[in-house]
Every structure is written in structure tokens, then in C-alpha cells.
Amino acid sequence: MSSLPKLPLSPPALVTPGLRDLGGFSPATVQLHLVSAENSVGDPARALAAAHAIDPAALPTTERRARLYTDMAHAHNRWGRRDACISSLLAAERCAPQEIHARPAVQALISGLLLSGRTTSDLRGLAARVGALRA
């Protein structure tokens, strides 16, 4: 699968201190966009490598921290790492439950996990909370 071209500058070099006050740009948020982009082009290994370079505490909002964990969950799922996917989803829910419970893409991921393999009490509980359990 194709991957994004290597950036000539590292994310910290792309962000000046003045931009940090305009919209929450920081090295961590630039890196977060890289995680999403790598997921979009179908490269879970690079998405996870980019994700592991982020300190979640450096992200400015709980929503962005939840996005980091949901992006990691999607990458783990694509790579077949079911337990890591579920752990990432639970971490996202701990950060911002309202973000996880309201996102159709997350509900679809959880529904897919329910249908594709063994379930655990953690997965069933998460599915119930996001409305992914079918009656």
C-alpha cells in the first residue's frame, strides 16, 4: 500500500510558537493529523508509529486525545490486533465518552468486533454503552 511522502521537516519545525495560540496547533496536533493520514492511506504500521510518538497529555483537548486512541484502534484493527484495538477504544472512552458514543465510525468498528471474533465483557460493555448491541 502506498504511504504518505516523508515530510522534509519534523512536525515541531512546522509550527511556530505564534501558531500555537491560533486553533490549538502544536507539534502533537500536527503529529495527530499524520496518524489520521497514515490510517487514511491504509498503512497501520506507520499510523501506529506516528501515534506512539505522541504524548497524549500534550494534546490540548480531551476530544483530540480520544481521536488519538480511536485512530490507534482503527490501525490495530486493520492490522488484526484485536485486543490492542479494544484497549485503545476503552482508553478513548475514558478520555471522552461523549466523543466515542456519538461517532458512527466507532460504533461500526465496535459492531464489527462483535461479529468477527470472541467477545469479552469489556467489549460487550463498550458495545452497550455506544449503542452497538443489536436486540
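Above this text sits the structure in question.
Residues numbered from 1 in each chain as written. Predicted model: local features only at pLDDT ≥ 70, side-chain atom pairs only at ≥ 80, totals over all residues. Heavy atoms only, no water.

If you look at the biggest cluster of nonpolar residues, it comprises 33 residues, and the most contacted ones within it are Ile54, Leu68, Leu89, Ile110 and Leu113. Contributing elements (two or more residues each) for this core: α2 (27–40), α3 (44–52), α4 (62–79), α5 (82–95), α7 (104–116) and α8 (121–130). Apart from residues lying up to four places away in sequence, Leu89 is in contact with Ala73, Val106, Leu109, Ile110, Leu113 and Leu126. (Core = buried A, V, L, I, M, F, W, Y, C linked by side-chain atoms within 4.5 Å. Buried < 20%, exposed > 50% of the residue type's maximum accessible area, 1.4 Å probe, protein only. Helix = DSSP H or I, 4+ residues; strand = E, 2+ residues; numbered from the N terminus. Contact = heavy atoms within 4.5 Å.)

Right, let's talk about the environment of Ala96 for a bit. Among the secondary structure elements, Ala96 is positioned in the loop between α5 and α6 (97–101). Each C-alpha atom, one on Ala96 and one on Glu63, is 6.1 Å from the other, the two residues being 33 residues apart in sequence.

Moving on: the side chain of Ser36. Looking at where Ser36 falls in the secondary structure, it is placed in helix α2. A distance of 2.5 Å separates the side chain of Ser36 from the side chain of Asp71, its partner in a polar contact. When near neighbours in sequence (up to four residues on either side) are disregarded, Ser36 contacts Arg67 and Asp71. (Polar contact = N/O pair within 3.5 Å; in protein donor to acceptor, adjacent residues only side chain to side chain.)

We now examine the pattern of salt bridges. Scanning the model with the defined rule gives five salt bridges in all. Residue Glu93 is joined to Arg129 by a salt bridge in which the shortest nitrogen-to-oxygen separation is 2.6 Å. Of this pair, Glu93 sits in helix α5 while Arg129 sits in helix α8, and the two are 36 residues apart along the sequence. Note on Glu93: relative accessible area 10%, which makes it buried. With its nearest N and O atoms 2.5 Å apart, the salt bridge here joins Arg103 to Glu99. What makes Glu99 buried here is its relative accessible area of 17%. (Salt bridge = Lys/Arg side-chain N within 4 Å of Asp/Glu carboxyl O.)

What follows is about the packing of aromatic side chains. All chains considered together, the criterion is met by zero aromatic pairs. Above the plane of the ring of Trp79 lies Arg81, whose end atom (NZ or CZ) is 3.9 Å from the centre. (Phe/Tyr/Trp six-rings, centres within 6.5 Å; stacked < 30°, edge-to-face > 60°. Lys NZ or Arg CZ within 6 Å of the ring centre and 35° of its normal.)

The contact between α4 and α7 brings their axes to 11 Å, and the two run at 35°. Classified by chirality, the crossing of α7 by α4 is left-handed. Each of Thr70, Ala73, His74 and Asn77 in α4 lies in contact with α7, whose residues at this interface are Ala105, Val106, Leu109 and Leu113. Grouping the amino acids of the contact of α4 with α7 by side-chain chemistry returns five nonpolar, three polar and no charged. (Axes fitted to C-alpha atoms, helices over the stretch in contact; angles between N-to-C directions. Left-handed = near helix turned anticlockwise from the far one by under 90°. Nonpolar A, V, L, I, M, F, W, Y, C, P; charged D, E, K, R; others polar.)

Its place among the elements puts Thr119 in the loop between α7 and α8. Take Thr119: its relative accessible area is 32%, and that puts it in the partly exposed class. Apart from the residues lying within four places of it in its own chain, the contact partners of Thr119 are Leu114 and Arg124.

Glancing now at α7. With 13 residues, α7 should cover 18 Å at 1.5 Å per step; its first-to-last C-alpha distance of 18 Å lies within 8% of that length. For α7, the full list of buried residues reads Val106, Leu109, Ile110, Ser111, Leu113 and Leu114. In this structure, the buried side of α7 is in contact with α4, α5, α6 and α8. (Expected span 1.5 Å × (residues − 1).)

On to the side chain of Arg65, then. Within the element layout of this structure, Arg65 appears in helix α4. It turns out Arg65 is buried and unbridged, and the closest side chain with the opposite charge, Glu63, is 7.2 Å from it. For Arg65, the contacting residues outside a window of four places in its chain are Pro56, Ala57, Leu59, Pro60 and Cys95. (Lys, Arg positive; Asp, Glu negative; His and termini not counted.)

By themselves these figures say nothing about function.
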